[in-house]
Amino acid sequence: MIKTRVLVVEDEESWQDRFRWFFEKTEAGRFDWRLAETGEKAQHLLKRKTFDTIILDVHLPGMSGIDLLRWREREPQIRMIPTLVVSGEAETRDRVAGLEAGADDYLNKPFADEELRARLTALKRRRDRVFLVHGFYDLGWLKFDPESHSLEVDGVRAHLEPKELELLLHFLRRPGMVHSNSALWGMFWDEESPGQERVLANRISALRRKLGSGKACLFSHKGIGYSFNPETILAA
């Protein structure tokens, strides 16, 4: 059995013990994990070791979790490692900041073993599965040519408005990643607007309606943003 290599970046001793119990007792034999108590130590390990997943606490002494994420985004070989941000339940601002800095998913503290296991499994699937075949995105129920913008949903040609096409391609390129509202707005609209979250929500709703049997893949994270999760259909 090939073990999934996980780097945990956590400075609190109680949470270090929690992760130690999970990886060495609850999930013994499934993971090869390393612990970094600081962002600087995580940098050192990431430059010298290979990991499949990063679990990152936002609040760290010295280099913060957000700073580590920004550094990761500048490193071509490291930026592809799926990263799960963990933060306190009420710290929505931290989760949004983490997602905007490049994190792929988030998890509220405290969390159950089952939830952590599910998130790690989903991140591994995203890393392992390739949906782009010969230049086309092929999810079975959805086929999309990013060059010609030809889209087929449930075997039928579908028409998307320009903003919907841009959003779909963005989601397809990073399946499973949670994209914050502000990051999506800044990427596809030219200027700030008082009603921008409503405008974005309306565009997302229009896109979701056109995804046919795959509409459940486009998931809303209340107060944070959106993610596109092909596993929702593939696991059904």
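Every chain is numbered on its own, with residues counted from 1 as its sequence reads. Residues qualify for local features only when their pLDDT is at least 70, as the model is predicted, and side-chain atom pairs are given and counted only at 80 or more; totals for whole chains, interfaces and linings, by contrast, use all residues. Side-chain measures were taken over the full set of non-hydrogen atoms in the model, leaving aside hydrogen atoms and water.

*Asks:* Looking at this model, I keep getting lost on the packing of helix α6 (residues 162-173) against helix α8 (residues 196-209). Mind explaining?
*Replies:* When two helices pack together, their arrangement is captured by the angle between the axes and the distance separating the axes. Angles shown run from 0 to 180 degrees and are taken between the N-to-C directions of axes, each axis being a line fitted to C-alpha atoms and, for helices, limited to the stretch in contact. Put simply, DSSP H or I for four residues or longer makes a helix, DSSP E for two residues or longer makes a strand, and each gets a number counted from the N terminus. Look at α6 against α8: their axes get within 10 Å of each other, and the N-to-C directions meet at 75 degrees. In terms of axis orientation, α6 runs roughly perpendicular to α8. Each of Lys163, Glu164, Leu167, Leu168 and Phe171 in α6 lies in contact with α8, whose residues at this interface are Arg203, Ile204, Ala206 and Leu207. Each residue gets one label: Ala, Val, Leu, Ile, Met, Phe, Trp, Tyr, Cys and Pro are nonpolar, Asp, Glu, Lys and Arg are charged, and the others, such as Gly, are polar. A breakdown of the residues in the contact of α6 with α8 according to their chemical character gives six nonpolar, no polar and three charged. Under this scheme an angle from 65 to 115 degrees is roughly perpendicular, one under 35 degrees roughly parallel, and one over 145 degrees roughly antiparallel; angles in between are oblique. Contact between two residues is taken to exist if any of their heavy atoms lie within 4.5 Å; hydrogens are not considered.

*Asks:* Is there a simple way to explain the sheet that holds strand β11 (residues 178-180) in this structure?
*Replies:* Strands pair in a sheet through their backbones, by hydrogen bonds, and they do so in one of two ways: parallel or antiparallel. With antiparallel pairing, three strands are arranged side by side in an open sheet as β11-β13-β12. Looking at which strands have only one partner, the edges of the open sheet turn out to be β11 and β12 (218-221). The sheet shows a mean angle of 25 degrees between the axes of neighbouring strands, direction not considered. Sheet topology note: the β11/strand β13 (residues 225-228) ladder contains three bridges and is antiparallel. Residue pairing in the sheet places serine 180 in a bridge with glycine 225 of β13. Seen against the sheet, α8 touches β12 and β13 and runs at an angle of roughly 155 degrees to β12. When DSSP finds at least two bridges between two strands, those strands are taken to pair.

*Asks:* Where do I start with the pairing of strand β5 (residues 105-109) in this structure?
*Replies:* Moving residue by residue along a regular strand, the side chains alternate between the two faces of the sheet. The buried fraction of β5 is high, at four of five residues. Where strand β4 (residues 83-88) lies against β5, five bridges are found, and the strand directions are parallel. When the bridges of β5 are listed, serine 87 appears paired with asparagine 108. Exposure categories follow from relative accessible area, calculated using a 1.4 Å probe and restricted to protein chains: below 20% of the type maximum is buried, above 50% is exposed, and the middle band is partly exposed.

*Asks:* What exactly am I supposed to notice about the pattern of salt bridges here?
*Replies:* Once the charged atoms of two side chains with opposite charge are near each other, the side chains can pair. In what follows, salt bridge is the name for a side-chain nitrogen of Lys or Arg lying within 4 Å of a carboxyl oxygen of Asp or Glu. Applying the stated criterion across every chain, the model contains 15 salt bridges. Residue aspartate 104 pairs with arginine 72 through a salt bridge whose shortest N-O separation is 3.2 Å. Here arginine 72 lies in helix α3 (residues 65-73) and aspartate 104 lies in the loop between α4 (92-100) and β5, a separation of 32 residues in the sequence. The class for arginine 72 is buried, based on a relative accessible area of 2%. The closest approach of N and O atoms between arginine 119 and aspartate 105, which form a salt bridge, is 3.4 Å. Separated by 14 residues along the polypeptide, arginine 119 in helix α5 (residues 113-128) and aspartate 105 in strand β5 bring together distant segments of the chain. Judged by its relative accessible area of 7%, aspartate 105 is buried.

*Asks:* Explanation requested: the sheet that holds strand β1 (residues 4-9) in the structure shown.
*Replies:* Here five strands make up an open sheet; going across it, the order is β2-β1-β3-β4-β5 and the pairing parallel. Sheet topology places β2 (31-36) and β5 at the edges, where each strand pairs with a single neighbour. On average, adjacent strands in this sheet sit at an angle of 20 degrees to one another, irrespective of strand direction. The strands that helix α1 (residues 13-26) touches are β1, β2, β3 (53-57) and β5; relative to β2, the one it contacts most, it runs at about 165 degrees. Packing of α3 onto the sheet brings it into contact with β1, β3 and β4, and relative to β3 it is tilted by some 150 degrees.

*Asks:* Help me understand the confidence of the model for the protein in this model?
*Replies:* A low pLDDT means the predicted coordinates there should not be read in detail. Across the protein, the average pLDDT comes to 87, with 90% of residues at 70 or higher. Along the chain, pLDDT gives the predictor's confidence residue by residue, from 0 to 100. The least confident element of the protein, judged by mean pLDDT, is helix α9 (residues 231-234) at 60; the most confident is α1 at 96.

*Asks:* Would you take a moment to explain the side chain of threonine 4 for this structure?
*Replies:* Mapped onto the elements of the fold, threonine 4 is located in strand β1. In contact with threonine 4, other than residues within four places in its own chain, are Arg30, Phe31, Asp32, Asp52, Thr53 and Lys124.

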